[in-house]
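Here's the letter readout for the chains.
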Amino acid sequence: MHALGPRINVFFTHLMTMLLVLVAIASSFSYYQLSSASPTVDLRISQLSFLRTISRERCDQAYLKFDLTADFQRMWTWNINHMYVYLVAEYVTDSHQRNEVVVWDTILSGKKQGKIERRGQNNKYSLKDHGYGLRGKEVLVKLKYNILPYMGPLFYGEQGQNSFLVPQNYTSKAVIY
Amino acid sequence: MQVISLGLLLSGALITYKIFMLISNSESPIVVVLSGSMEPGVHRGDLLLLTNYIERDRLVSGDIVVYKLPERNIPIVHRIIKIHEDKNLDVDILSKGDNNIPDDRELYGRGRRWLQRPNIAGRAFAFLPYAGMLTIIMNDYPQLKYVLLGCLSGLALIGGE
């Protein structure tokens, strides 16, 4: 009845239950904290370096340059382990009603890295369409972030955007915005 | 008597898992990350909870998803970096691991350029660190799995009083 085995069993079951309850409480509190915080972001697409077709992949490709100032330090809470920060180009073409292409990303590991200051930054991944649909389209670029917590729900947010018009014709010359 | 209680224990675990499957609408509602391709945010041994509501959960870029390809058995946990949705709401998706330099086209294999919605097993909504470490250890040392299973069933059979 008072054997060691059942006692250990009860102890660990209790421990695990308590741990899970604590994690649930703590992470829902931190989710609430995050949903009421936002970073300060200033984003501007400064240049489209060229617009061409890639015949091998059968699609349009554009290279972009942008200026970005962002401060995530003020919203950094105790439950943020890493933050995935990314720029998404969103546009509509004749064949697709929703296109989202990540053109740049970075990972912030810790509050110290929470300030981003880039001038004339090149895209990390070029803006490639699904087909030949980029010419003359208006593209909206948004800064989004995904918070990877120490535990609990993943948090997604966005702040700051800038749009630009893709030229009507293919060009090897840069277009300055 | 002991055999019955062991059976109850196992079926209880199975029922819990099946209920999770029902709630999350995903065939694998809990996934242990097996590779380091999502470092530094997600490590080997971390546990991800998934949902897979095809109608309600519209996939967007930046989502961490788990996908399975018919040619490969192992589910892969990566992030969506491109998504193109046509007028019938069919999507073409390209994924990439945060820690990988190229995107996943190489992984998809010959002839496949995009992932489609049926390839996606679920979208991560929560994260538990290290909770899947046991799976990792058992994956690395398969013998341990049998030793552990044997010990557990032995305990359930002998103990109980």
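Cut-off values and rules
Residues numbered from 1 in each chain as written. Chains lettered and ligands numbered in written order. Predicted model: local features only at pLDDT ≥ 70, side-chain atom pairs only at ≥ 80, totals over all residues. Heavy atoms only, no water. Contact = heavy atoms within 4.5 Å. Buried area = accessible area lost by both parts, 1.4 Å probe. Salt bridge = Lys/Arg side-chain N within 4 Å of Asp/Glu carboxyl O. Polar contact = N/O pair within 3.5 Å; in protein donor to acceptor, adjacent residues only side chain to side chain. Helix = DSSP H or I, 4+ residues; strand = E, 2+ residues; numbered from the N terminus. Nonpolar A, V, L, I, M, F, W, Y, C, P; charged D, E, K, R; others polar. Pairing = 2+ DSSP bridges. Axes fitted to C-alpha atoms, helices over the stretch in contact; angles between N-to-C directions. Parallel < 35°, antiparallel > 145°, perpendicular 65-115°, else oblique. Left-handed = near helix turned anticlockwise from the far one by under 90°. 1 Å grid on protein atoms, 1.4 Å probe; cavity = no way out; pocket = protein on both sides within 12 Å on 5 of 7 lines; lining within 4 Å. Points joined across faces, edges and corners; volume = space filled by probe spheres on them. Buried < 20%, exposed > 50% of the residue type's maximum accessible area, 1.4 Å probe, protein only.

1. Some details on the interface of chain B and chain A
1) Next: Counting residues at the interface gives 35 residues for chain B, matched by 33 residues for chain A.
2) Next: Summing the contributions of chain B and of chain A, the shared interface buries around 2800 Å²; its carbon and sulfur component is 51%.
3) Next: It is His84, Glu85 and Phe127 of chain B in chain B that bury the most area against chain A; as a group they hold 20% of the surface buried on that side.
4) Next: Applying the counting rule to chain B against chain A returns 1 salt bridge.
5) Next: For Glu85 of chain B, the salt bridge goes to Arg98 of chain A, with nearest N and O atoms at 3.0 Å.
6) Next: One can count 18 residue pairs in polar contact (both at pLDDT 80 or more) joining chain B with chain A.
7) Next: Secondary structure elements with two or more residues in the side of chain B that touches chain A: strand S4 (76-86), strand S5 (91-96) and strand S6 (120-128) of chain B.
8) Next: In terms of residue count, the dominant contributor to the side of chain B that touches chain A is S4 of chain B (8 residues).
9) Next: Residues that form the side of chain B that touches chain A fall into these classes: 17 nonpolar, 4 polar and 14 charged.
10) Next: Where strand S4 (residues 96-108) of chain A and S4 of chain B come together, 5 bridges link them in antiparallel fashion.

2. Concerning the packing of helix H1 (residues 2-24) of chain B against helix H4 (residues 142-158) of chain B
Residue and element names in this part refer to chain B.
1) Next: Remark: H1 packs on H4, axes separated minimally by 8 Å, with the N-to-C direction vectors making an angle of 135°. Taken together, the axis directions place H1 and H4 in an arrangement best described as oblique. Considering how the two elements wind past one another, H1 and H4 form a crossing that is right-handed. Of the residues in H4, those in contact with Gln2, Val3, Ser5 and Leu6 of H1 are Ser153, Ala156 and Leu157.
2) Next: Here the residues of the contact of H1 with H4 are counted per class, giving 4 nonpolar, 3 polar and no charged.

3. Some points on the layout of surface pockets
1) Next: Space inside the largest pocket adds up to approximately 1400 Å³.
2) Next: In terms of lining, the largest pocket is formed by 31 residues, of which the most central are Leu9, Leu10, Ala13, Leu134 and Leu152 of chain B.
3) Next: Elements that contribute at least two residues to the lining of the largest pocket include exactly helix H1 (4-35) of chain A together with H1, strand S1 (30-32), helix H3 (133-140) and H4 of chain B.
4) Next: Here the residues of the lining of the largest pocket are counted per class, giving 20 nonpolar, 9 polar and 2 charged.
5) Next: The volume enclosed by the second largest pocket comes to roughly 620 Å³.
6) Next: Taken together, 24 residues form the lining of the second largest pocket, with Met16 and Leu20 of chain A together with Leu49, Leu128 and Ala131 of chain B sitting closest to its centre.

4. Section: the environment of Phe66 of chain A
1) Next: Within the fold, Phe66 of chain A resides in strand S2 (residues 59-71).
2) Next: In the structure, Phe66 of chain A is positioned 50 residues away from Ile116 of chain A in sequence and 13 Å away in space, judged by C-alpha atoms.

5. Regarding the pairing of strand S7 (residues 138-149) of chain A
Residues and elements named next belong to chain A.
1) Next: Along S7, 10 of the 12 residues are buried, which leaves the element largely enclosed by surrounding structure.
2) Next: Here strand S3 (residues 80-91) pairs with S7 via 10 bridges, running antiparallel. Residue pairing for S7: Ala89 is matched across the bridge by Val141.
3) Next: Judged from the 9 bridges that link them, S7 and strand S9 (residues 155-165) form a sheet pairing that is antiparallel.

Remember that the coordinates give geometry; whether it matters functionally is a separate question.
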